[in-house]
Amino acid sequence: MRELTFVDALREALREEMLRDPKVVLIGEEIGVFGGAYKVTRGLLEEFGPERVRDTPISEMAIVGASAGAALAGLKPVAELMYMDFVPIALDQIATQAAKMRFMSGGALKVPMVLRTQYSLGRVHGSQHSQFFPSWFFQIPGVKVVLPSTPYDAKGLLKSSIRDENPVIFVESGLLYRTKGQVPEEEYSIPLGVADVKRPGKDITVVAFSRLVLEALKAAEILEQQGISLEVVDPRTVQPLDMKTIIDSVKKTGRLVVAADDVKTGGLGAEVSAAVVEEAFDYLDAPIVRVACPPIPVPFSPTLEQAYMPNSDKIANTCVALLG
Amino acid sequence: MPRVDPVMQEGIIKKWLKKEGDPVVKGETIALAEGEKTTFDIQAPDSGVLLRIATPEGATSQVASTIAVIGESGEQIIGVGETPEVRKVPTSEVVPQITHEGWVRASPAARRLAEEHSLDFTKLIGTGPEGRITREDVERVLEKIPARQEVVAPGVRQPRIQSVKQLAGLRKSIAERLSYSARQAVQVVVSTEVVMDNVLRVRGATGKNLSLTAFIIKAVAEALREFPELNSSLINSEIRVYDDVNIAIAVHTQDGLVAPVIPDADKKNLDEISSLIESLDRLASEKKLGVSELTGSTFTISNLGPYGVDSFAPIINPPNTAILGVGRIVKKPLVVDDEMKIKSVSNLSLVFDHRVIDGAPAATFLSRIKRILEDWPTA
């Protein structure tokens with residue numbers, strides 16, 4: 001099978017959906033002429049024209065507001081926000097407008113939009129350009145949240161997100177853009193809300209999000225040499241969260257480590273842990289442990305940033321400690 | 001399933017004396033059952049028809065769970081086993097429940113698995129971090145597979161294991177009661193040597209084979225009337241001094257130690273006490289001691305004299321305040337009035353809970369027992 005980079009896989013998903021459905025339009029800063037800050041939309045302006053690939057001024061509120069309005073009017077916009085750090089600027093449009101319309105109108109209105117964004121943790125972009133807070137959206141029912149970890153998943157999930165009738169926040173990791181993976185040429189999509197067991201194992205379940213799926217897989221390789229078998233579960237979607245797959249895995253292994261690039265307190269790991277304790281308490285053979293960032297702003301110093309971020313070593317060490 | 005002794009968790013139905021459809025009368029024995037310590041009768045809590053037997057012969061039932069349903073003829077039974085309506089047999093005295101001191105570190109998975117197999121996980125050795133008992137530790141016991149090979153430093157000698165037995169039933173009950181006692185009570189021992197010549201003379205004169213223990217019981221009961229603070233229990237923050245003098249005697253059986261009770265020992269004469277000891281011994285060896293024989297003690301006597309022991313310090317039988325250990329009677333040269341005399345002597349060791357009483361009154365109590373025995377009227 002051919003290999004694609006994460007960026008190419010995303011671009012292919014956008015292009016295929018634009019070819020499939022003329023209602024799909026792109027909107028964002030520098031996505032047209034410049035081809036996107038990360039080159040995800042490169043060539044699409046040339047192929048689909050300025051009607052469907054819209055460059056905008058620097059106004060996240062306008063980008064998201066216009067997308068929500070366009071979605072209400074029948075288009076299927078895919079907006080791009082350059083950094084997840086800027087999502088809060090448009091939070092009213094997301095949380096109070098887009099997320100609520102369908103519910104408040106009794107289903108008469110739909111907001112089929114995708115908000116693509118990326119987080120740059122690990123790329124030395126400083127405190128204001130490295131934030132990752134997908135768990136905020138746990139408090140905003142009405143939106144879906146997707147965290148792809150491989151080119152294959154990125155393409156399949158983006159296609160499903162575009163076809164979904166609800167607002168979808170699609171968060172990419174900047175560190176994953178250059179990673180490569182197998183992507184079939186034939187048409188496929190991946191349903192939202194279905195986790196993927198990236199590696200089966202028997203001793204510890206590691207639920208990892210986004211970039212950390214790759215780190216967890218590395219940890220699994222390291223620990224395999226020591227006779228420790230990790231099962232790596234990639235939820236792929238945070239909302240809805242496929243707790244069944246996670247619970248089934250925990251019932252099998254009896255131990256859970258949750259790895260996420262967000263701040264530990266109140267983060268993705270907190271939600272997964274609580275749900276597992278509620279549903280599978282009697283299966284736990286060890287405390288649930290979260291591997292995440294400390295509750296301080298992301299440091300700018302590369303050395304400090306590396307110390308701050310989760311990685312395969314931290315996941316592996318946590319797993320070893322769990323087995324005693 | 002009634003609870004017939006304080007530590008009973010479950011009982012086995014040995015025999016049903018009634019079958020489904022039989023009429024039963026309140027108080028009538030309808031089944032024979034066996035607990036961890038004793039066999040006992042189960043009486044009908046009410047009159048009616050035995051509609052359904054929920055626990056068949058040979059099956060085990062948790063305390064307070066439904067073993068049968070008594071109702072009116074033709075009555076519909078819904079949800080047998082859901083509503084525990086079996087009465088609890090009241091015991092004559094409040095006895096402290098044996099609970100674990102502190103918290104046992106075990107994972108939820110280990111607890112669940114142990115519970116599913118009625119295994120007491122608190123006795124397992126945890127191999128997880130910080131000694132946590134893990135699912136694997138429970139599985140190992142369930143499958144009787146040996147523990148992960150411990151790393152043994154070269155040169156360290158390890159004894160070979162001949163057999164492994166789970167701590168269960170009476171053995172477990174003894175272990176729990178005695179370790180509870182050892183942890184709770186502040187146990188102090190005082191000893192004295194007692195000349196038993198008068199006792200032996202009286203015993204010989206009766207021509208009856210009176211138990212020597214009976215004399216000790218009689219003497220202790222009399223002394224307890226004078227020192228009621230030793231006839232007591234410390235329960236929570238209360239010292240309960242008892243009016244009844246109920247003396248338990250430690251009896252060895254094939255299965256382990258039991259302590260049947262001589263109730264109102266202070267009001268019984270030697271013959272009565274002696275024959276009661278005999279019948280309790282018999283019941284113990286036949287495993288037929290019931291709840292009324294095994295509860296309500298206020299003081300305990302353990303006589304290891306027949307085993308050739310000179311003296312020993314027993315562990316207090318909770319919730320008693322004290323226990324008396326009795327050694328064998330042996331002839332010894334004693335200096336009496338500056339002359340060497342041969343006397344039959346026995347060692348008495350009183351172990352008491354220093355939380356309840358102090359050394360001086362305990363010693364005075366022991367001297368009183370000695371005096372009663374030595375001055376036993378021979379006429």
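Small disclaimer: the values here were computed from a predicted structure and weren't measured.

**Student:** Got a minute to help me understand helix α5 (residues 212–226) of chain B in this structure?
**Tutor:** Residue pairs spaced three or four apart in an α-helix point in one direction, given the helix's 3.6 residues per turn. Residue and element names in this part refer to chain B. With 15 residues, α5 extends 22 Å from end C-alpha to end C-alpha; this agrees with the ideal 21 Å at 1.5 Å per step. Counting buried residues along α5, 11 of its 15 residues qualify, which places the element largely inside the surrounding structure. Taken together, the buried positions of α5 are T213, A214, F215, I216, I217, K218, A219, V220, A221, A223 and L224. The opening residue of α5, the one whose side-chain oxygen lies 3.0 Å from the backbone nitrogen of T213, is S211.

**Student:** Even after reading the chapter, I still don't get the pattern of salt bridges, so can you show me in this structure?
**Tutor:** In a structure, side chains of opposite charge can pair up when their charged atoms sit close to one another. Residue and element names in this part refer to chain A. Scanning all chains against the criterion turns up 52 salt bridges over all chains. A salt bridge links R236 to D153, with the shortest nitrogen-to-oxygen separation between them at 3.1 Å. Taken as a pair, R236 in the loop between β11 (230–234) and β12 (237–239) and D153 in helix α6 (residues 151–163) lie far apart in primary sequence, 83 residues in all. Of the two residues examined, R236 and D153, each falls in the buried class. What emerges from the salt-bridge pattern is a single network uniting R2, E12, E16, E17, R20, K155, K159, R163 and E187.

**Student:** Even after reading the chapter, I still don't get the environment of T245(A), so can you show me in this structure?
**Tutor:** All names here are of chain A. Examined against the element boundaries, T245 turns out to sit in helix α8 (residues 243–253). Sequence spacing of T245 and V233 is 12 residues, and the spatial spacing of their C-alpha atoms is 8.0 Å. Beyond its immediate chain neighbours, meaning those up to four positions away, T245 contacts A195, V197 and V233.

**Student:** Just to check I follow, could you spell out the pairing of strand β16 (residues 322–326) of chain B for this structure?
**Tutor:** Sheet faces and side chains relate simply in a regular strand, where the side chains alternate between the two faces. Residue and element names in this part refer to chain B. Among the five residues in β16, five count as buried, and that is most of the element. The alternating pattern of β16 places A322, L324 and V326 on one face and I323 and G325 on the opposite face, and all of these are buried. Taken together, the four bridges between strand β15 (residues 299–303) and β16 define a ladder with parallel strand orientation. In the sheet register, T300 faces β16, and the bridge partner there is I323.

**Student:** Explanation requested: the domain arrangement of chain B in the structure shown.
**Tutor:** Often the size quoted for an interface is simply the accessible area lost on bringing the parts together. When its domains are assigned, chain B resolves into domain 1 (10–71), domain 2 (104–146) and domain 3 (174–374). When each unit is reduced to the centre of its C-alpha atoms, the spacing between domain 1 of chain B and domain 3 of chain B is 37 Å.

**Student:** Please explain the packing of helix α3 (residues 60–72) of chain A against helix α4 (residues 91–98) of chain A as it appears in this structure.
**Tutor:** When two helices pack together, you describe them by how their axes are tilted relative to each other and by the distance separating the axes. All names here are of chain A. Where α3 meets α4, the closest approach of the two axes is 8 Å, and the angle between their N-to-C directions is 25°. Between α3 and α4, the angle is such that the two are roughly parallel. Touching M61, V64, G65 and A68 of α3 are Q93, I94 and A98, all from α4. Tallied by class, residues from the contact of α3 with α4 come to five nonpolar, two polar and no charged.

**Student:** Honestly, the domain arrangement of chain A in this entry has me stumped. Any pointers?
**Tutor:** All names here are of chain A. Assigned domains of chain A: these are domain 1 (3–182) and domain 2 (196–323). Put simply, the middle of domain 1 and the middle of domain 2, counted by C-alpha atoms, are 26 Å apart. Listed per partner, the contact involves 31 residues of domain 1 and 27 residues of domain 2. For the pair domain 1 and domain 2, the number of links is two salt bridges. Across the pair K198 and D153 runs a salt bridge whose closest N-O atoms are separated by 2.6 Å.

**Student:** Help me understand the nonpolar core, please; the structure alone is not making it clear to me.
**Tutor:** All names here are of chain A. Ranked by size, the top nonpolar core spans 51 residues in total, and within it F137, F209 and V276 carry the most contacts. Secondary-structure elements contributing two or more residues to this core are α3, β4 (76–81), α4, β5 (114–119), β7 (168–173), α8, β13 (256–263) and α9 (268–280). Of the domains in this structure, domain 1 (3–182) and domain 2 (196–323) are the two that each give at least three residues to this core. Sequence-distant contacts of F137, defined by excluding residues within four places in its chain, comprise M84, V87, L91, I94, V143, V145, I169 and Q239.

**Student:** How should the sheet that holds β12(A) be read in this particular structure?
**Tutor:** Two strands in a sheet stick together by hydrogen bonds in their backbones, pointing the same way (parallel) or opposite ways (antiparallel). Residues and elements named next belong to chain A. Spatial ordering of the open sheet is given by β3-β2-β4-β5-β7-β6-β12, a layout of seven strands whose pairing is mixed. What marks the edges here is a single partner per strand, and that holds for β3 (53–55) and β12. Sheet twist, expressed as the mean angle between neighbouring strand axes with direction ignored, is 20°. Where strand β2 (residues 24–28) and β3 come together, three bridges link them in parallel fashion.

**Student:** What should I look at first to understand the packing of aromatic side chains in this one?
**Tutor:** The geometry of an aromatic ring pair comes down to the distance between the two centres and the angle between the two planes. Throughout the structure, instances matching the rule amount to nine aromatic pairs over all chains. Consider the rings of Y83(A) and F86(A), whose centres lie 5.5 Å apart with planes at 65°: the pair is edge-to-face. Across the pair, F86(A) and Y83(A) agree in class, each one buried. For the ring pair F299(B) and F365(B), a centre distance of 6.0 Å and an interplane angle of 65° mean the geometry is edge-to-face. With F299(B) in strand β15 and F365(B) in helix α8 (residues 359–374), this residue pair connects regions lying 66 residues apart in the sequence. For F299(B), a relative accessible area of 0% gives the class buried. Its relative accessible area of 0% is what places F365(B) among the buried residues. Site record: aromatic cluster; members linked through ring pairs are F6(A), Y38(A) and Y177(A).

**Student:** What is the right way to look at the interface of chain B and chain A in this model?
**Tutor:** Tallying the contact residues gives 10 residues for chain B and 15 residues for chain A. Buried area between chain B and chain A, both sides added, is near 880 Å², and the carbon and sulfur share of it is 48%. Considering only the surface of chain B that becomes buried against chain A, P108(B), R112(B) and R135(B) emerge as the three largest contributors, covering 53% of it. Seen at the junction of chain B and chain A, the total is zero salt bridges. Listed by contribution, the elements that provide at least two residues to the side of chain B that touches chain A are α1 (108–116) and α2 (135–142) of chain B. No other element matches the four residues that α1(B) contributes to the side of chain B that touches chain A. Taken together, the residues of the side of chain B that touches chain A sort by class into four nonpolar, two polar and four charged.

**Student:** Explain unusual backbone geometry here, please?
**Tutor:** In most cases, non-glycine residues show a negative phi, while peptide bonds are predominantly trans. Cis peptide bonds are those with omega within 30 degrees of zero, and the linkage from Q239(A) to P240(A) qualifies with -5°. With an omega of 5°, the peptide bond running from P318(B) to P319(B) counts as cis. With respect to the element layout, P319(B) can be found in the loop between β15 and β16. For D337(B), which is not glycine, the phi torsion reads 50° and is therefore positive. One non-glycine residue with positive phi stands out, namely D338(B), at about 60°. Summarising the element assignment, D338(B) is placed in the loop between β17 (330–336) and β18 (339–353).

**Student:** Looking at this structure, I do not really get the side chain of D234(A). What am I missing?
**Tutor:** All names here are of chain A. With respect to the element layout, D234 can be found in strand β11. Note on D234: relative accessible area 0%, which makes it buried. A distance of 2.6 Å separates a polar atom in the side chain of D234 from a polar atom in the side chain of S149. Separated by 3.1 Å, the side chains of D234 and K198 make a polar contact.

About the criteria used
- Residues numbered from 1 in each chain as written.
- Chains lettered and ligands numbered in written order.
- Predicted model: local features only at pLDDT ≥ 70, side-chain atom pairs only at ≥ 80, totals over all residues.
- Heavy atoms only, no water.
- Helix = DSSP H or I, 4+ residues; strand = E, 2+ residues; numbered from the N terminus.
- Expected span 1.5 Å × (residues − 1).
- Buried < 20%, exposed > 50% of the residue type's maximum accessible area, 1.4 Å probe, protein only.
- Polar contact = N/O pair within 3.5 Å; in protein donor to acceptor, adjacent residues only side chain to side chain.
- Salt bridge = Lys/Arg side-chain N within 4 Å of Asp/Glu carboxyl O.
- Contact = heavy atoms within 4.5 Å.
- Pairing = 2+ DSSP bridges.
- Domains from an automatic or database assignment.
- Axes fitted to C-alpha atoms, helices over the stretch in contact; angles between N-to-C directions.
- Parallel < 35°, antiparallel > 145°, perpendicular 65-115°, else oblique.
- Nonpolar A, V, L, I, M, F, W, Y, C, P; charged D, E, K, R; others polar.
- Core = buried A, V, L, I, M, F, W, Y, C linked by side-chain atoms within 4.5 Å.
- Phe/Tyr/Trp six-rings, centres within 6.5 Å; stacked < 30°, edge-to-face > 60°.
- Buried area = accessible area lost by both parts, 1.4 Å probe.

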